[in-house]
Amino acid sequence: MAAVKRREGLRFPARPSLPAPGSASAPAALPLSRVKLIMKSCPDVSSINQDALFLTAKATVSGASEG
C-alpha cells in the first residue's frame, strides 16, 4: 500500500512522483477545467463527477495517441 499522509484529519494516499515534462514517458495531459467546460456545453449535463471528468480526459488523451 502507498504511503499515507495525514492532513486535517483526512487520510489520502500519497501521490506517485510524475516523470519530468518533456521526457518520453511523460503523459500528455489536458487541462481538466477545459474538459469540464466542454462537457458542460451539452444541455443535458447539469453536474460532472470528478471521476467521470478525470476518466474522460484520460480516455481522450489515450484515444488521440492511438490514432
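Only a predicted model underlies this, so the values are computations on that prediction, with no experimental measurement involved.

**Things to note about the overall build of the protein chain**
Tallying secondary structure elements over the protein chain gives 2 helices and 2 strands in all. For the protein chain, the succession of helices and strands along the chain, N to C, is β-β-α-α. Burial status across the protein chain gives 7% buried among its 67 residues. Accessible surface, the protein chain: about 6000 Å² in total, of which carbon and sulfur atoms supply 58%.

**Thoughts on the environment of Ser33**
Its place among the elements puts Ser33 in helix H1 (residues 32–40). C-alpha separation for the pair Ser33 and Leu53, spaced 20 residues apart in sequence, amounts to 9.2 Å.

**Points about the environment of Ala57**
Residue position: Ala57 is located in helix H2 (residues 50–66). A relative accessible area of 7% places Ala57 in the buried class. Taking the C-alpha atoms as reference points, Ala57 and Arg34, 23 residues apart in sequence, are found 9.6 Å from one another. For Ala57, the contacting residues outside a window of four places in its chain are Leu30, Leu32 and Val35.

**Re the confidence of the model for the protein chain**
With 57% of its residues at a pLDDT of at least 70, the protein chain reaches an overall mean of 75. Averaged over each element, pLDDT in the protein chain is lowest for strand S1 (residues 4–7) (54) and highest for H1 (92).

**Thoughts on the packing of H1 against H2**
At a minimum axis separation of 10 Å, H1 and H2 run at an interaxial angle of 100 degrees. As the angle between them shows, H1 and H2 are arranged roughly perpendicular. Here Leu32, Val35, Lys36 and Met39 of H1 lie close against H2, whose contacting residues are Leu53, Phe54, Thr56 and Ala57. Looking at side-chain class alone, the contact of H1 with H2 contains 6 nonpolar, 1 polar and 1 charged residues.

Cut-offs used in this document
Residues numbered from 1 in each chain as written. Predicted model: local features only at pLDDT ≥ 70, side-chain atom pairs only at ≥ 80, totals over all residues. Heavy atoms only, no water. Helix = DSSP H or I, 4+ residues; strand = E, 2+ residues; numbered from the N terminus. Buried < 20%, exposed > 50% of the residue type's maximum accessible area, 1.4 Å probe, protein only. Areas by Shrake-Rupley, 256 points an atom, 1.4 Å probe, with all protein chains shown as cover. Contact = heavy atoms within 4.5 Å. pLDDT = per-residue confidence, 0-100. Axes fitted to C-alpha atoms, helices over the stretch in contact; angles between N-to-C directions. Parallel < 35°, antiparallel > 145°, perpendicular 65-115°, else oblique. Nonpolar A, V, L, I, M, F, W, Y, C, P; charged D, E, K, R; others polar.

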